[in-house]
Amino acid sequence: MSSPRSLILAALILTSYVSIAEAPITLKGAFHGLFHIGAAINEGQITGRDVLGDNLLATQFDSISPENVLKWERVHPGPDKYSFDLPDRYVALGEKNHMFIVGHTLVWHSQTPAWVFQDEHGNPTDRETLLKRMHDHISTVVGRYKGRIQAWDVVNEALNDDGTLRKSPWLKIIGEDYIVKAYQFAHEADPQAQLNYNDYSLETEAKRNGAIALIRKLQAAGIPIATVGIQGHDSLTWPSAQLEDETISAFAKLGVKVAITELDIDVLPRGSVSHTADIDYNIKSDSRLNPYPDALPDAAERELAHRYADLFAVYVKHSDVINRVTLWGVTDSDSWLNNWPVRGRTSYPLLFDREGKPKPALDAVIQVAKATSTP
Ligand code: GLA
């Protein structure tokens, strides 16, 4: 017969096993060993004001991207003025949580102040001046976080939807080699940093082909381009899992890795602006365009969960080439989709709801990871 002491011991061991088995699996825990799970973070999270967001971040994610604080207009607002307070805190937060820290973004046509492209009379500046500004910006910002920011979105959205180069001020003033130059400057400033090319709608054939040509050009110029960033501002129907699969395979063939950099799935009507994430779009508000002001109906919640699971199944299938999947925000209340392409809507594109509670979509993606790890 067992002694009461051994019975108590057995009961204790059993309860500890049960509690280990029942500990809720976190997002980062579920995908550990497959790829990093990231979130874009805002000022509230960087400063600690958003306690709920910070708790979710620390427990559920192991990578961060700065939603805005490292964009040119924020970090380098005037010719001789850099604002490093928030970026410094951003990087410190990532280090405190042992996260894979992403820098976003160095060269973009948007959220870049007008002075960057102008001379003292407000006319377009010349190639040499703009190249020097680009160089100074990149070497100052990348150099400051050398060895601490592990990956940089160097050029963001250089392509039009038809795959040609966007006629941005960078292209018009410097010429096509502005892209190679940007990567050269970034590589000089931190030779260890992973350099990413980042864009949206890369699943459409023409734009994907444009990106492939661009990556080949960078490789031919000796740039150690590490990843293509598929932004992943997706809808319930686009891109299909098959298209996503083909797109990832097409980039992997170039010998680069793929990062899903800005994932969110929009459940709201998009009107005429489907398949894009061009932040210049702005559609007039209309209550028909804001169908769920109070809550997402169950059927739509389930549809979102299925859609997330389908996309994550593709990412897991390609986990040998995918190095991170980053959600563009922590909770639904943080999402830019509450204000784009229509202002003031109630959007539901992420894995945690407005109160920070897990949505069915969270469980759905965790189940995808579990199915992979169970033989
Ligand atoms: C683009 C940019 C991001 C962000 C989103 C919308 O995808 O790369 O920085 O601005 O638009 O928030």
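Note that this is a predicted model, so its numbers are computed, not measured.

Turning to the site of the ligand, a few remarks are in order. For the ligand, the full set of nearby residues is Lys71, His104, Trp108, Gln111, Asn156, Glu157, Gln231, His233, Glu262, Ile279, Trp328 and Trp336. In this structure, glutamate 157 approaches the ligand through a side-chain N or O atom, which is 3.5 Å from an oxygen atom. Within the contact set of the ligand, an oxygen atom lies 3.3 Å away from a side-chain nitrogen or oxygen of histidine 233. In the complex, 96% of the free accessible area of the ligand, which totals 300 Å², lies under the protein chains. Here the ligand is seated within the largest pocket. Classifying every residue of the shell around the ligand gives 4 nonpolar, 5 polar and 3 charged.

For the pair helix H11 (residues 241–252) and helix H12 (residues 298–317), interaxial distance at closest approach is 10 Å and the crossing angle is 25°. Overall, the two elements H11 and H12 adopt an arrangement that is roughly parallel. Remark: the crossing between H11 and H12 carries right-handed chirality. Here Ala241, Glu244, Asp245 and Ile248 of H11 lie close against H12, whose contacting residues are Arg307, Asp310, Leu311, Val314, Tyr315 and Lys317. Residues that form the contact of H11 with H12 fall into these classes: 5 nonpolar, no polar and 5 charged.

Tyr308 and Phe312 are the most contacted members of the largest nonpolar core, which has 108 residues in total. Ranked by residue count, the leading element in this core is H12, at 10 residues. The residues contacting phenylalanine 312, other than those within four sequence positions of it, are Phe31, Phe35, Ile37, Leu263, Val325, Val365 and Val368. Formed by 7 residues, the second largest nonpolar core is a distinct cluster that contains Ala40, Trp336, Leu337 and Trp340.

Here we take up the packing of aromatic side chains. Aromatic rings in a pair are described by how distant their centres are and how their planes are angled relative to each other. Applying the stated criterion across every chain yields a total of 12 aromatic pairs. Note on tryptophan 72 and tryptophan 115: the rings are 6.3 Å apart at their centroids and 70° apart in plane angle, and the pair reads as edge-to-face. Remark: tryptophan 115 occurs in the loop between strand S3 (100–107) and helix H7 (127–144) and tryptophan 72 occurs in helix H5 (residues 72–75); sequence separation between them is 43 residues. The class for tryptophan 72 is buried, based on a relative accessible area of 2%.

Turning our attention to the side chain of threonine 125. Topologically, threonine 125 is positioned in the loop between S3 and H7. According to the relative accessible area criterion, threonine 125 is buried, its value standing at 9%. Threonine 125 has contacts with Val116, Phe117, Gln118, Asp119, Leu130, Arg133 and Ile173, leaving out every residue within four places of it along the chain.

Applying the stated criterion across every chain, the model contains 2 cavities of 30 Å³ or more. If you add up the space inside the second largest cavity, you get close to 30 Å³. As for the second largest cavity, its lining consists of Phe100, Ala151, Gln194, Asn196, Thr227, Ala259, Asn323 and Arg324. At the level of secondary structure, the elements contributing two or more residues to the lining of the second largest cavity comprise strand S5 (194–199) and strand S9 (322–327). Looking at the lining of the second largest cavity residue by residue, the class counts come to 3 nonpolar, 4 polar and 1 charged.

A few words on the confidence of the model for the chain. For the chain, per-residue confidence averages 93 on the pLDDT scale, and 92% of positions sit at 70 or higher. Note that residues 15–19 has pLDDT below 50 and, in this model, 0 contacts with residues that lie over four places away or in other chains.

Let's shift gears to the pairing of strand S8 (residues 257–266). Across a regular strand the side chains alternate sides, sitting on one face of the sheet and then on the other. Here S8 lies mainly inside the structure; 9 of its 10 residues are buried. The pairing of strand S7 (residues 233–235) with S8 spans 3 bridges and is parallel. Each bridged residue has a counterpart across the sheet, and for serine 235 the counterpart in S8 is aspartate 266. One crossover worth recording links S7 to the parallel S8 by way of H11, and it is right-handed.

As a further point, take the packing of H12 against helix H13 (residues 360–373). Contact geometry of H12 with H13 gives a least axis separation of 8 Å together with a crossing angle of 30°. Taken together, the axes of H12 and H13 are roughly parallel relative to one another. Seen along the crossing, H12 lies across H13 with a hand that is right-handed. The residues of H13 that touch H12, namely those facing Glu301, Leu304, Ala305, Tyr308, Ala309, Phe312, Ala313 and Val316, are Pro360, Ala361, Ala364, Val365, Val368 and Thr372. When its residues are assigned to classes, the contact of H12 with H13 shows 12 nonpolar, 1 polar and 1 charged.

Procedures and definitions
- Per chain, residue numbering runs from 1 following the sequence as it is written.
- The predicted origin of the model limits local features to residues at a pLDDT of at least 70 and limits the giving and counting of side-chain atom pairs to 80 or more, whereas totals for whole chains, interfaces and linings rest on all residues.
- Hydrogens are left out, water is left out, and the side-chain values use all remaining heavy atoms of the structure.
- Proximity is defined per residue: any heavy atom of the residue falling within 4 Å of a molecule or strand makes that residue near it.
- As used in this structure description, the phrase polar contact means that two N or O atoms lie within 3.5 Å; if the pair is within protein, one of them must be able to donate a hydrogen and the other to accept it, and residues adjacent in sequence are counted only when both atoms belong to side chains.
- For the accessible areas, the method is Shrake-Rupley and the probe is 1.4 Å, while residue cover comes only from the protein chains on display.
- Think of a 1 Å grid over just the protein atoms. A cavity is a set of points where a 1.4 Å probe fits yet cannot get out, a pocket is an open set with protein on both sides within 12 Å along at least five of seven lines, and lining residues have an atom within 4 Å of a point.
- Placement in a cavity or pocket follows one criterion, namely that more than half of the molecule's atoms lie within 2 Å of its grid points.
- Nonpolar residues are Ala, Val, Leu, Ile, Met, Phe, Trp, Tyr, Cys and Pro. Charged residues are Asp, Glu, Lys and Arg, and all others, Gly as well, are polar.
- Under this scheme, a helix contributes an axis fitted over its contacting stretch, all axes are lines through C-alpha atoms, and angles between N-to-C directions fall in the 0 to 180 degree range.
- Going along the chain from the N terminus, every DSSP run of H or I of four or more residues is numbered as a helix, and every run of E of two or more is numbered as a strand.
- Note on terminology: angles under 35 degrees are roughly parallel, angles over 145 are roughly antiparallel, angles of 65 to 115 are roughly perpendicular, and the others are oblique.
- Note on convention: near helix rotated counterclockwise from far helix by under a right angle means a left-handed crossing. Clockwise means right-handed.
- Only heavy atoms enter the contact rule, under which two residues are in contact if any of them lie within 4.5 Å.
- Throughout, nonpolar core names a set of buried Ala, Val, Leu, Ile, Met, Phe, Trp, Tyr and Cys residues whose side chains join them through atoms within 4.5 Å.
- The cut-offs for exposure are 20% and 50% of the maximum accessible area for each residue type, with area from a 1.4 Å probe on protein chains only; residues under the lower value are buried, those over the upper are exposed, and the others partly exposed.
- Pairing of aromatic rings covers Phe, Tyr and the six-membered ring of Trp, with a centre-to-centre limit of 6.5 Å; geometry is then stacked below 30 degrees between planes, edge-to-face above 60, and tilted otherwise.
- Grid points are joined across faces, edges and corners, and a volume is the space filled by probe spheres set on the points.
- pLDDT is a residue-level measure of predictor confidence that goes from 0 to 100.
- Here, a strand pair is defined by DSSP locating no fewer than two bridges between the strands.
- Crossovers are marked right-handed if the path from the first strand over the helix to the second runs clockwise, as seen with the strands pointing away from the viewer.

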